[in-house]
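Residues per chain are reported as follows:
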Amino acid sequence: MSVTPLFSAARNAMDRAYAPYSRFPVGAALKTETGAIHAGCNIENASFPEGWCAETSALSHMVMAGGGKVKEIAVVAEKMPRIMPCGGCRQRLSEFVADDAVLHLCDLDGVVETVPFSAVFPLGFTFEDGK
Ligand code: THU
């Protein structure tokens, strides 16, 4: 178990979640190759499909701050012993991850497990595939 600045950013972001419908707050944080950290929370909507995930919010903050290559991802949800990014967020993250990016699966106290991003999103769709 480790409490890193990246974990703390995700954990603090979780406290900002707007999740009145699911009551499932999530926080995510991304660290880029410069060491910058960008965090986000899930934001739900009365029209349920219009809500979005914490990882997507974090990506938005990263892009608005100038972008970068994601080296590390941390995700935390208060109701899960560890949470995996959903499939849609794995696709969105894949657009920006470095080849050696890692995903930290967290509980409320810190990082529980660290896995390569490539292990949770192998054979993803890329721009090359769309050509
Ligand atoms: N959620 C995330 O923010 N990230 C994930 O990886 C999985 C799910 C959010 C979406 C929704 O607001 C709530 O968790 C319940 O699905």
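Before reading further, recall that the structure is shown in the block above.
Residues numbered from 1 in each chain as written. Predicted model: local features only at pLDDT ≥ 70, side-chain atom pairs only at ≥ 80, totals over all residues. Heavy atoms only, no water.

### Comments concerning the overall build of the chain
Rules: The numbering of helices and of strands both runs from the N terminus, where a helix is a DSSP run of H or I of at least 4 residues and a strand a run of E of at least 2. Computation of the radius of gyration draws on C-alpha atoms, with the globule rule given as 2.2 Å multiplied by the number of residues to the power 0.38. Only protein chains enter the area calculation, which uses a 1.4 Å probe; residues under 20% of their type maximum are buried, those over 50% are exposed, and those in between are partly exposed. For this analysis, residues touch if any pair of their heavy atoms sits within 4.5 Å. Working definition of accessibility: Shrake-Rupley area with a 1.4 Å probe, residue cover restricted to the visible protein chains. Counting rule applied: Lys, Arg positive; Asp, Glu negative; His and chain ends not counted. Every charge is mapped onto a representative atom, which is NZ of Lys, CZ of Arg, CG of Asp or CD of Glu.
What the chain contains, in helices and strands, is 5 helices and 5 strands. Expected size for 131 residues packed as a compact globule is a radius of gyration near 14 Å; at 14 Å, the chain falls within 12% of this value. Dimensions along the principal axes, computed over C-alpha positions, put the chain at roughly 40 × 35 × 25 Å. Within the chain, the proportion of its 131 residues that are buried is 40%. The contacts in the chain between residues at least 6 apart in sequence include a share of 63% that link residues at least 24 apart. Total accessible area on the chain is roughly 7,200 Å²; 57% of this is exposed by carbon and sulfur atoms. The average position of the 11 basic charges and that of the 15 acidic charges among the side chains of the chain differ by 3 Å.

### Some details on the site of the ligand
As a reminder of what qualifies: Note on definitions. A residue lies near a molecule or strand when any single heavy atom of the residue is within 4 Å of it. Between N or O atoms, a polar contact is any pair within 3.5 Å; within protein, one atom must be a potential hydrogen donor and the other a potential acceptor, and residues adjacent in sequence are included only when both atoms are from side chains. Three classes are used, and their members are as follows: Ala, Val, Leu, Ile, Met, Phe, Trp, Tyr, Cys and Pro are nonpolar, Asp, Glu, Lys and Arg are charged, and the others, Gly among them, are polar.
Every residue near the ligand is listed here: Ser22, Phe24, Val26, Asn42, Glu44, Cys53, Ala54, Glu55, Met84, Pro85 and Cys86. Contacts to the ligand include asparagine 42, whose side-chain N or O atom sits 2.9 Å from an oxygen atom. Partitioning the shell around the ligand into residue classes produces 7 nonpolar, 2 polar and 2 charged.

### Remarks on helix α2 (residues 54-64)
An α-helix turns once per 3.6 residues; consequently, residues spaced three or four apart project the same way. Three or more residues of α2 are buried, namely Ala54, Glu55, Thr56, Ser57, Ala58, Leu59 and Met62. In this fold, the buried residues of α2 make contact with β1 (26-32), β2 (37-41), β3 (70-77) and α3 (87-94). Within two residues after α2, glycine 66 carries a phi angle of roughly 120°, on the positive side.

### Observations regarding the packing of aromatic side chains
In plain terms, the rule: Ring geometry is summarised as follows: Phe, Tyr and Trp rings, the Trp one being its six-membered ring, pair when their centres sit within 6.5 Å, and such pairs are stacked at plane angles under 30 degrees, edge-to-face over 60 and tilted between the two.
According to the stated counting rule, one finds 2 aromatic pairs in the structure shown. Ring geometry for tyrosine 21 against phenylalanine 48: centres 5.4 Å apart, planes inclined by 50°, an arrangement best described as tilted. In this pair, tyrosine 21 is assigned in the loop between α1 (5-14) and β1 and phenylalanine 48 in the loop between β2 and α2, connecting sequence segments 27 residues apart. Ring plane angle 45° and centroid distance 6.1 Å describe the contact between phenylalanine 117 and phenylalanine 121, whose orientation is recorded as tilted.

### Remarks on the environment of alanine 46
For alanine 46, the location among the structural elements is in the loop between β2 and α2. Relative accessible area serves as the criterion here: at 58%, alanine 46 is assigned to the exposed category. For the pair alanine 46 and tyrosine 21, spaced 25 residues apart in the sequence, the C-alpha separation amounts to 7.7 Å.

### Considerations on the nonpolar core
Heads up, the condition is: Residues enter a nonpolar core if they are buried and are Ala, Val, Leu, Ile, Met, Phe, Trp, Tyr or Cys, with the set joined through side-chain atoms within 4.5 Å.
Counting residues in each nonpolar core, the largest one holds 21 residues, and the members touching the most others are Leu30, Ile73, Val75, Leu93, Val97, Leu103 and Phe117. Leave out the neighbours within four places in its chain, and valine 75 touches Val26, Gly27, Ala28, Glu55, Ile83, Pro85, Leu103, His104, Leu105 and Cys106. Residues Leu6, Ala29, Val76 and Cys106 belong to the second largest nonpolar core, which totals 10 residues.

### Some points on the packing of α2 against α3
What counts is decided by this rule: Note on geometry: axes are lines fitted to C-alpha atoms, helical ones only across the stretch in contact, with angles between N-to-C directions running from 0 to 180 degrees. These descriptions rest on fixed angle ranges, namely under 35 degrees for roughly parallel, over 145 for roughly antiparallel, 65 to 115 for roughly perpendicular, and the rest for oblique. In this scheme the handedness of a crossing depends on how the near helix is turned from the far one: anticlockwise by less than a right angle means left-handed, clockwise means right-handed.
Direction vectors running N to C along α2 and α3 enclose 20°, while the axes themselves pass 9 Å from each other. The angle between the axes of α2 and α3 places the two elements in the roughly parallel class. As for how α2 packs across α3, the hand of that crossing is left-handed. Residues Glu55, Thr56 and Leu59 of α2 lie in contact with α3, whose contacting residues are Cys89, Arg92 and Leu93. Of the residues in the contact of α2 with α3, the class split is 3 nonpolar, 1 polar and 2 charged.

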